[in-house]
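Topology and contacts: notes
Here's the letter readout for the chains.
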Amino acid sequence: MQIPSSKLPGAGTTIFTVMSQLSEDYDAINLSQGFPDFQPPEELLDWVSHHLAAGHNQYAPMAGVLVLRERIAEKISELYGTQPDPVEEVTVTSGATEALFCAIHAVVRSGEEVIVFDPSYDSYDPAIRLAGAVPIHIPLLPPQFEIDWDCLKQRLNERTRLVIINSPHNPTGSLLSCDDIQRLANVLRPYDTFVLSDEVYEHIVFDERRHASVLENEELAARSFAVFSFGKTYHATGWKVGYCVAPRELSVEFRRVHQFNTFTTTTPLQYALADYLIERPEHYLELGAFYEEKRNLFIELMDPSGFEMKPSKGTYFQLADYSKISSQPDMEFARWLTVEHRIAVIPISVFYEKPPAAQLIRFCFAKEAATLREAANCLLKL
Ligand code: PMP
Ligand code: GLN
């Protein structure tokens, strides 16, 4: 039987899978795919065991366990000064990835345009294409990776249904400020364009800066889906539990997609996360400082190396310019580093529609100090 033509003809296996596999094959230190090499908090694991034994093992409600949605709404009110309705405006999803997919499919129709800023997280473009829409890639302006406002204004038109933003930004570690958020609200005012704000690293912000959420801006929040992930916050990327906050009318459409996609998300994890959120708010309040120490250690260890790094402002990723070490293109360099020197990293060009000439790779520093030391020892020898 003939296999129909692909809906994603250009898509290979994601770079995260490719590099983690290569890392395993060559027994490398894996600083590529973003995940911690340490455990989630012990108490959270105890809560999971408790809820497994207590019988919370059947389907959760489609929009998520209510007590978790209530805790999420309270947390958002404390952090961002607006309280979403936990019943109608908060939906628990199977990771942020599912939330991104549902939000795109909730509002984007065939032939419409969606703006993404490159380097962009790799799930945006395929999800847009699967909706039959056209991704419009606008490069962020180096060296700070800021939005090119003139270009954005030029590309907006009556077909632009959605703009996707991501702050703190993967892979560059840049941040949007409150002024940027206000500027986006101003620029979008004349258009029927929604915003999908990927805020999965909301708590991982450094140097006394703070995260600017679309939820803080009343005008923008009214047209936005804000997406979060417990995986990042609780060192549990394998749990795949996230959530989406959106105004009632947008959440209705979001849930129409979600209910026929995954329908719901793992029940005992939701109960455990609800308990932990209320019992240990200090975990997320201290997460920025926790990762700032790791970023500082990694940068200090790497100081004598040939890599050039401008300290990441947020996320658990650090970009590095390797042009003093090699003239190889970044994909080749990443392979060489993994195979020959046993350090796996992520090349940056894969996050671009039209990759620039820059020689940049991404390190993940969500690792034990001993792992970072061992990696730096190898990297200093290059
Ligand atoms: N967005 C960004 C920017 C990410 O880095 C990630 C991490 N994988 C996700 C979304 C997806 O998060 P999750 O693992 O919760 O699906
Ligand atoms: N978000 C993670 C990263 O940027 C990877 C997620 C995935 O493997 N799909 O490394």
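Each remark here, short or long, concerns the structure printed above.
Residues numbered from 1 in each chain as written. Chains lettered and ligands numbered in written order. Predicted model: local features only at pLDDT ≥ 70, side-chain atom pairs only at ≥ 80, totals over all residues. Heavy atoms only, no water.

Moving on, we get to helix H2 (residues 42-53). Think of an α-helix as turning once every 3.6 residues; residues three or four places apart then point the same way. Here H2 contains twelve residues, and its C-alpha end-to-end distance of 17 Å stays within 8% of the 16 Å for a straight helix at 1.5 Å per residue. What H2 keeps buried is the set Leu44, Val48 and His51. For H2, the angular spread of buried residues about the axis comes to 70°, placing them on one side. Set apart from the buried face of H2 by more than 90 degrees, the exposed residues are Glu42 and Ala53. (Helix = DSSP H or I, 4+ residues; strand = E, 2+ residues; numbered from the N terminus. Expected span 1.5 Å × (residues − 1). Buried < 20%, exposed > 50% of the residue type's maximum accessible area, 1.4 Å probe, protein only. Arc of directions from axis to C-beta.)

The subject of this paragraph is the site of ligand 1. Taken together, 13 residues surround ligand 1, and among them Thr97, Asp198, Tyr201, Lys232 and Lys240 come closest. Tyr201 places a polar side-chain atom, nitrogen or oxygen, 2.6 Å from an oxygen atom of ligand 1. The contact in question runs from a nitrogen atom of ligand 1 to an N or O atom on the side chain of Lys232, over 2.9 Å. Coverage of ligand 1 by the protein chains reaches 92% of its 390 Å² of free accessible surface. Among the elements that take part in the shell around ligand 1, helix H4 (residues 95-107) stands out by supplying four residues, more than any other. Among the residues making up the shell around ligand 1, the classes are represented as five nonpolar, five polar and three charged. (Near = heavy atom within 4 Å. Polar contact = N/O pair within 3.5 Å; in protein donor to acceptor, adjacent residues only side chain to side chain. Areas by Shrake-Rupley, 256 points an atom, 1.4 Å probe, with all protein chains shown as cover. Nonpolar A, V, L, I, M, F, W, Y, C, P; charged D, E, K, R; others polar.)

As a further point, take the nonpolar core. Ranked by size, the top nonpolar core spans 118 residues in total, and within it Leu152, Phe225, Phe307 and Phe363 carry the most contacts. Per-element accounting of this core gives the leading share, eight residues, to H4. Setting aside anything within four residues of it in sequence, one finds Leu152 in contact with Ile115, Phe117, Ile138, Ile147, Leu184 and Val187. (Core = buried A, V, L, I, M, F, W, Y, C linked by side-chain atoms within 4.5 Å. Contact = heavy atoms within 4.5 Å.)

Before going further, it helps to examine the pattern of salt bridges. Two side chains with opposite charge may pair up if their charged atoms get near one another. Here the structure, examined in full by the defined rule, presents 13 salt bridges. Between Lys75 and Glu202 there is a salt bridge, with the nearest N and O atoms lying 3.6 Å from each other. Here the residue Lys75 occupies a position in helix H3 (residues 66-80), and Glu202 occupies one in the loop between strand S6 (194-198) and helix H8 (218-221), the gap between them amounting to 127 residues. As far as burial versus exposure is concerned, Lys75 and Glu202 are alike and both buried. Two residues, Arg256 and Glu253, come together in a salt bridge whose shortest N-O distance is 2.3 Å. Residue Arg256 and its partner Glu253 are located together in helix H10 (residues 248-261), separated by three residues, close to a single helical turn. When its relative accessible area of 26% is taken as the criterion, Glu253 is described as partly exposed. Several salt bridges share partner residues, and in doing so they unite Glu43, Arg280 and Glu282 into one network. (Salt bridge = Lys/Arg side-chain N within 4 Å of Asp/Glu carboxyl O.)

Right, let's get into the side chain of Asp330. Tracing the sequence through the fold places Asp330 in helix H14 (residues 330-341). The buried charged residue Asp330 lacks any salt bridge, with Arg335 as its nearest oppositely charged partner at 10 Å. (Lys, Arg positive; Asp, Glu negative; His and termini not counted.)

What follows is about the environment of His283. Within the secondary structure, His283 is located in helix H12 (residues 281-285). You can call His283 buried: its relative accessible area is 13%. Those residues in contact with His283 that sit more than four places away from it in its chain are Pro41, Thr233, Tyr234, His235 and Tyr276.

Here we take up the site of ligand 2. Surveying the vicinity of ligand 2 reveals the residues Phe16, Gln33, Gly34, Tyr121, Asn170, Tyr201, Lys232, Phe317 and Arg362. In this structure, Gly34 approaches ligand 2 through a main-chain N or O atom, which is 2.6 Å from an oxygen atom. Between a nitrogen atom of ligand 2 and a side-chain N or O atom of Tyr121, the distance comes to 3.3 Å. Out of a free accessible area of 300 Å², ligand 2 has 80% covered by protein chains. Broken down by class, the residue content of the shell around ligand 2 amounts to four nonpolar, three polar and two charged.

Right, let's talk about the pairing of strand S7 (residues 224-229) for a bit. In terms of burial, S7 is largely enclosed, as six of its six residues are buried. Burial along S7 is two-sided: the face carrying Ser224, Ala226 and Phe228 and the face carrying Phe225, Val227 and Ser229 are both buried. Sheet topology note: the S6/S7 ladder contains four bridges and is parallel. Looking at the pairing, Leu196 lines up with Phe225 of S7. Two strands pair when backbone bridges link them, and S7 and strand S8 (residues 242-245) are joined in this way by four bridges, in the antiparallel orientation. Across the sheet, the residue bridging to Ala226 is Val245, located in S8. (Pairing = 2+ DSSP bridges.)

Turning to the pairing of strand S5 (residues 160-166), a few remarks are in order. Within S5, seven of the seven residues are buried, which leaves the element mostly enclosed by the surrounding structure. One ladder, built from five bridges, connects S5 with S6; its direction is parallel. Among the inter-strand pairings, Leu162 is bridged to a residue of S6, identified as Phe194. Between S5 and its parallel partner S6, the chain crosses via helix H7 (residues 178-188), and the hand of that crossover is right-handed. (Right-handed = clockwise from strand over helix to strand, strands pointing away.)

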